[in-house]
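Below, each chain spelled out in residue letters.
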Amino acid sequence: MKILHVIAGTPPNAGGPSKAIFGMAKHLRAFGVQSTIINSDSAIWGNIEVPLGKEVDVDRTPVWYFHSPFFRKYGFAPQVKKWIEKHCQEYDLLHIHGIFSYTSWIAANMAYKFGIPFIVRPAGQIGPWCMSTRPMLKKTALALVLKEKILLHAACVHTTSEMEVNDLKKLCNGANRFQIPLAIEGLSDNSNIDRSVARASLDSMYPFLAGKKIILSLSRIDPKKGLELLISCIKELAEQRNDFVVVIAGSGQVSYEEKIRGMAHQSGLEKYAWFPGFVQGAEKSLLLSGADMFVLPSKDENFGLAVLEAMAYGLPVVISKETGISCYLTHEVDAMILQNKEDELSSAMVELLDVASRREELGDNARRLVQTRFSWDSVAQEIYNMYKQCIW
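All values derive from a computational prediction rather than experimental measurement. (Residues numbered from 1 in each chain as written. Predicted model: local features only at pLDDT ≥ 70, side-chain atom pairs only at ≥ 80, totals over all residues. Heavy atoms only, no water.)

Can you explain the pattern of salt bridges? Please cite residues and give values.
It is possible for side chains bearing opposite charge to pair when their charged atoms get close. Taken as a whole and judged by the stated rule, the model has 18 salt bridges. Between Lys213 and Asp243 there is a salt bridge; the shortest N-O distance is 3.8 Å. Here Lys213, found in strand β9 (residues 213-218), pairs with Asp243, found in the loop between α8 (227-238) and β10 (244-249); they are 30 residues apart in sequence, far enough to count as distant. On the basis of relative accessibility, which here comes to 24%, the residue Lys213 falls in the partly exposed class. For Asp243, a relative accessible area of 19% translates into the label buried. A salt bridge links Asp222 to Arg220; its shortest N-O distance comes to 3.3 Å. Salt bridges sharing partners connect three or more residues here, namely Lys213, Arg241, Asp243 and Asp354. (Salt bridge = Lys/Arg side-chain N within 4 Å of Asp/Glu carboxyl O. Helix = DSSP H or I, 4+ residues; strand = E, 2+ residues; numbered from the N terminus. Buried < 20%, exposed > 50% of the residue type's maximum accessible area, 1.4 Å probe, protein only.)

This is the structure:
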C-alpha cells in the first residue's frame, strides 16, 4: 500500500499536525505501508532551511519540500501542483492534513480528477476559533470549495476527537468519518523518569527555579491557547504565595509573544512567569521530567498533542473542556478538565501545588492511559484499517 501524505508545512515549531504526520509514516511501515510526504518550506513567519525540489530522507520516510514565496500560512508552493499532478497516480490513497491550504486544495482536486481516494484530516481548521479568525474568507471557501469539492468527495474525514466530529457535523453532516486519536513516540523512554535528577539539573541550569514548584505550559504561543487567562491566574496566585514559577515555553507570532510577555511584565510577574522560547530535544524533555504539573487552558484545541506528551511524562494536567483530547479522559482521574474560568483554573493549580499525593495520583493515571490508548502501535493499526476501508 502506497500513501501520499500532503500538508502545508512541517516546521519544528508548528505543533501537533506536523509531528503527527511523521509518526504516522514511521509506524505504518509495520503494516507494509509505504509513505511519502509532500509539503512546502513554509513556517508562517518565514521559510525553513531544507533541500528543495528533491527527495529527502527523514527517518526512512521520503519527504519532498517545495518553496513557498508568499502566503506561507497557506503553504502556497506552485511546484506542488506540478509534482502531485505528475506523481499522484503512483499512490493508492492521499492523506491530506489540513484544509485551508494551497497544498490541500491542490491534492484534493488532483485526487478527484484521477479517481484516487483521499482522506482529509481537518487538523483543527474547522473548529469555531479557526473559523472565526477569517470569517468572510472561510465562509466563502466553504460554500465554493470545502464542502462540495473536498469534504463530500473525500473517502472519509479523519477526525481526532468528539469535538472535531461535532464541528464536522455542523459543517458537512453527510461526510463519511473516522475518529482516531493521535499518538506519540518514546513511551518506553518515559517509564523510568527520575524526577529528582531532572529537577536537580534544572535548578543547576536555572537557579531562579530552585525551591519553586514548576507549572509548565508548553505549546505554540497563540491567541487560542488561553495564555491571557493563565497570566491572570498567575497574578492571582502571586498575591497569595511565592512557591511557584510558571514556565510558558513555545514560540509564535512575534507581536503576540510580545503582548503576552508585556502582560506578565506589567503585572509584575517577572519572578513568577518565565518565557524560555521554543524548546525541543533534551531541553524539552528536561522540562517535562522536572515539572510538577502541566496547564493548557485552550479556547479551542481539536486534540492537544502537547497535553498527551505531558501525560506520557507522568505530569498531572489541567486543561479546558475545549481541548479535544478531553473526550478520552476522565475528570479528576486522568486529568483536571475545567471551564475556561479564572476561579476554576486557579483552584485547580492551588490544589496541585498543595497536595503532592494528588499530583502523583493524577500523573500515574495519565501515564498509564497514554501507554494503553495512545501508543503508535494501536493508533497505527486504526489508521491502517481506515486506509483499507477507503481503498477496498
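Right, picking up where we left off after that structure.
Can you explain the packing of aromatic side chains? Please cite residues and give values.
Per the stated rule, a full pass over the model turns up 14 aromatic pairs. Consider the rings of Phe70 and Phe71, whose centres lie 5.3 Å apart with planes at 80°: the pair is edge-to-face. We classify Phe71 as exposed; its relative accessible area is 57%. Ring centres of Phe70 and Phe76 lie 5.2 Å apart, and the angle between their planes is 20°; this geometry places the pair in the stacked category. Looking at Phe70, the relative accessible area reads 44%, which means it is partly exposed. One aromatic cluster is present, built from ring pairs that chain together Phe70, Phe71, Phe76 and Tyr102. (Phe/Tyr/Trp six-rings, centres within 6.5 Å; stacked < 30°, edge-to-face > 60°.)

If you had to explain the sheet that holds strand β4 (residues 61-66) to someone new, which residues and values would you point to?
The sheet built from 8 strands is open, its strands ordered β3-β4-β2-β1-β5-β6-β7-β8 with mixed pairing. The two strands at the open ends of the sheet, each matched to only one other strand, are β3 (55-58) and β8 (177-179). Within this sheet the neighbouring strands show an average axis-to-axis angle of 25°, counted without direction. Pairing geometry for strand β7 (residues 156-159) and β8, over 3 bridges, is parallel. Residue pairing for β8: Thr159 is matched across the bridge by Gln179. (Pairing = 2+ DSSP bridges. Axes fitted to C-alpha atoms, helices over the stretch in contact; angles between N-to-C directions.)

How would you summarise the state of the cysteines if you had to cite specific residues and measurements?
Counting across every chain of the model gives 0 disulfides. Here Cys172 is not disulfide-linked; the sulfur of Cys156 is the nearest cysteine sulfur, at 13 Å. With relative accessibility at 1%, the residue Cys172 sits in the buried group. As a non-bridged cysteine, Cys390 has Cys156 as the owner of its nearest cysteine sulfur, 3.5 Å distant. (Disulfide = S-S within 2.5 Å.)

For unusual backbone geometry, give the residues involved together with the corresponding values.
You will see that Asp59, though not glycine, has its phi angle at about 55°, which is positive. Within the element layout of this structure, Asp59 appears in the loop between β3 and β4. Not every positive phi belongs to a glycine, and Glu332 is a case in point at roughly 65°. The residue Glu332 is located in the loop between β13 (317-320) and β14 (336-338) in this model.

These values are about where atoms sit, not about what they do.
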